[in-house]
Amino acid sequence: MYGVVTRNEEELGWSEFDRGFYEVKDVTGRAAEPTEDGVNMVSCFGDNAAAESSPELVPVDDEGNRATREQPYFDWAYVCPSRDDYREGLLETIADCAAVNPDVRLDDVGFPRAEYCRCDVCERRFAESAYDDRFEWRASVITEFVAEASALIPGTVYLTLYPDPYPGHLYERAGLDLAALAEYVDEFVVPLYDMAYETTYWLETIASGFADALDAPFSVELYAVDLNLDNLGHAAEVAAEYGESVLFGYDASTARAALRRLEADAQDGEEFGA
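Each value, and the rule that gives it
- As a convention, each chain's residues are numbered from 1 in the sequence order in which they are written.
- Under the rules for a predicted model, residues below a pLDDT of 70 receive no local features and side-chain atom pairs below 80 are neither given nor counted, while totals for whole chains, interfaces and linings still include all residues.
- Excluding hydrogens and water, the side-chain figures rest on all heavy atoms present in the structure.
- Pairing between strands is defined by DSSP: at least two bridges between the two strands are required.
- Starting at the N terminus, helices and strands are each numbered in turn, a helix being any DSSP run of H or I of at least four residues and a strand any DSSP run of E of at least two.
- Orientation is described by axes fitted as lines to C-alpha atoms, over the contacting stretch for helices, and by angles from 0 to 180 degrees between their N-to-C directions.
- When a residue's accessible area, from a 1.4 Å probe over protein chains only, is under 20% of the maximum for its type it is buried; when over 50% it is exposed; and in between it is partly exposed.
- Only a pair of cysteine sulfur atoms within 2.5 Å qualifies as a disulfide here.
- Here a helix's expected span is defined as the number of its residues, less one, multiplied by 1.5 Å.
- Any two residues whose heavy atoms approach within 4.5 Å at even a single point are treated as in contact.
- Identification of polar contacts relies on pairs of N or O atoms within 3.5 Å, with a donor-acceptor requirement for protein atoms, meaning one able to donate a hydrogen and the other able to accept it, and with residues adjacent in sequence counted only if both atoms are side-chain atoms.
- Each patch is assembled from residues with relative accessible area greater than 30% and no salt bridge, linking like charges that lie within 9 Å and nonpolar side chains (Val, Leu, Ile, Met, Phe, Trp, Tyr) that lie within 5 Å.
- For accessible areas, the Shrake-Rupley method is used with a probe of radius 1.4 Å. Any residue's cover is judged against the shown protein chains and nothing else.
- Only one rule defines a salt bridge in this text: a Lys or Arg side-chain nitrogen within 4 Å of an Asp or Glu carboxyl oxygen.
- Only four residue types enter the charge count, namely Lys and Arg as positive and Asp and Glu as negative; His and the chain termini do not.
- The location of each charge is read from NZ of Lys, CZ of Arg, CG of Asp or CD of Glu.
- Here a crossing is called left-handed whenever its near helix is offset anticlockwise from the far helix by less than a right angle, and right-handed whenever the offset is clockwise.
- In this classification, Asp, Glu, Lys and Arg are treated as charged, Ala, Val, Leu, Ile, Met, Phe, Trp, Tyr, Cys and Pro as nonpolar, and every other residue, Gly included, as polar.
- When we speak of the arc, we mean the arc of directions from the helix axis to the C-beta atoms.

Caption draft 1: Spotlight on the sheet that holds strand β5 (residues 157–160). Taken in spatial order, the eight strands of this closed barrel run β1-β2-β3-β4-β5-β6-β7-β8, and their pairing is parallel. Neighbour-to-neighbour, the strand axes of the sheet open up by a mean angle of 25°, direction not taken into account. Of the pairings in the sheet, the one linking β5 to strand β6 (residues 187–191) comprises three bridges and is parallel in character. Note that in β6 the partner of Tyr-158 across the bridge is Glu-187.

Here you go:
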């Protein structure tokens, strides 16, 4: 089964795709109206616009480094998951999406990295909590948010994971307790992005790692922008061995062409008896 991830609503109906995901809120903070024609996606704690307009919301580490694009390793800015007003706004957006289409995908859920967050709100709430271990407390914050969001979603709950299946890494990095989250998430999505897919052994390694790490279904999302069709098609074949579906991100035309080539190659390879 193949799907598309897009910002263009009309691409959701293309016949080559069995499912479609539509970005309602992305990491830039750009917002669009939810659609009934696909699964609406909400970037939760990745939000450049919120970080710029309300810098007090940005997570900080114990040295005061802010989780923004100016820091190493960050491609976008984050908002601290402990901030109630921002979370309430997110939940309202999620509820609006669920009112239009019952399935919703939660993107960019979690703390930005293991050393975050040490803002005043997080410090106070951790001190007041029943937890002695900061990682346990962080995981409880994220699980509570996903539980609240899930309660608003009557259909399938999708959750995007950072592509690191090594035991304990998602827990320490982002506060994602996979076993706890599986109670509220119906299907996980793992983006495995590359600019070429000239080799795929690493793709298979990561996908198979998630197959072992997760008790819930998951899909693999590939990057499709300006890709060689044969390379993208081969990557899709590898990903399909592990995921419930293979999703193509942000270039539906290239994805459609790759799928058509795969179909043509399969037909060319058919053999018929006399």
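Still more ground to cover, so stick around.
Caption draft 2: Structural view of the pairing of strand β8 (residues 246–249). Judged by which residues are buried, β8 turns out to be covered on both faces: Val-246 and Phe-248 on one side and Leu-247 and Gly-249 on the other are all buried. Summarising the sheet, strand β1 (residues 2–6) and β8 pair through four bridges and their orientation is parallel. The residue bridging Val-5 from the neighbouring strand is Gly-249, located in β8. Relative to β8, strand β7 (residues 218–223) runs parallel, the two sharing four bridges.

Caption draft 3: Expanded view of the state of the cysteines. A complete count under the given rule lists zero disulfides for this structure. Just so you know, Cys-97 is unpaired, no disulfide at all, and the nearest cysteine sulfur is the one on Cys-44, 9.8 Å from it. Distance from the sulfur of Cys-122, which forms no disulfide, to the nearest cysteine sulfur (Cys-80) is 3.4 Å.

Caption draft 4: Representation of helix α4 (residues 134–151) in the model. The end-to-end C-alpha separation of α4 is 26 Å, in line with the 26 Å expected for 18 residues at 1.5 Å each. Among all positions in α4, only Arg-134, Trp-137, Arg-138, Ala-139, Val-141, Ile-142, Thr-143, Phe-145, Val-146, Ala-149 and Ser-150 are buried. In this fold, the buried residues of α4 make contact with α2 (84–100), β4 (104–107), α3 (120–128), β5, α5 (169–174) and α6 (178–181). Structurally, the start of α4 carries an N-cap: the backbone nitrogen of Phe-135 is 2.9 Å from a side-chain oxygen of Asp-133.

Caption draft 5: Looking closely at a negative patch on the surface. A surface patch of negative charge is lined by Glu-33, Asp-85, Glu-88, Glu-92 and Asp-96. Summarising the element assignment, Glu-88 is placed in helix α2.

Caption draft 6: Region of the structure containing the packing of α2 against α4. One can describe the packing of α2 onto α4 by two numbers: an axis separation of 10 Å at closest approach and a directional angle of 35°. Where α2 crosses over α4, the handedness of that crossing is right-handed. Residues Arg-87, Leu-90, Leu-91 and Ile-94 of α2 form the contact with α4, whose participating residues are Val-141, Glu-144, Phe-145, Glu-148 and Ala-149. A class-by-class count of the residues in the contact of α2 with α4 yields six nonpolar, no polar and three charged.

Caption draft 7: Structural context of the pattern of salt bridges. In the structure shown here, the tally under the stated rule is 16 salt bridges. Notably, a salt bridge pairs Asp-26 with Arg-7, separated by 3.6 Å at the nearest N-O pair. One end of the pair, Asp-26, is in the loop between β2 (19–25) and β3 (39–43); the other, Arg-7, is in the loop between β1 and β2, with 19 residues separating them in the sequence. Arg-125 serves as the salt-bridge partner of Asp-84, at 2.6 Å between the closest nitrogen and oxygen. Pair noted here: Asp-84 is in helix α2 and Arg-125 is in helix α3, with a separation of 41 residues, a long-range link. Residue classification places Arg-125 among the partly exposed positions, given a relative accessible area of 28%. Where salt bridges share partners, they join Arg-7, Glu-23, Asp-26 and Arg-30 into one cluster.

Caption draft 8: Spatial organisation of the environment of Val-79. Here Val-79 shows up in the loop between α1 (48–53) and α2. Distance from Val-79 to Val-60, taken between C-alpha atoms, is 9.8 Å for residues 19 residues apart in sequence.

Caption draft 9: A look at α3. Along α3, the residues classified as buried are Val-121, Cys-122 and Phe-126. Viewed along the axis of α3, the buried residues span an arc of 120°, placing them on a single side of the element. Those residues of α3 that are exposed and aimed more than 90 degrees away from the buried face are Asp-120, Ala-127 and Glu-128. The inward-facing, buried residues of α3 contact α4.

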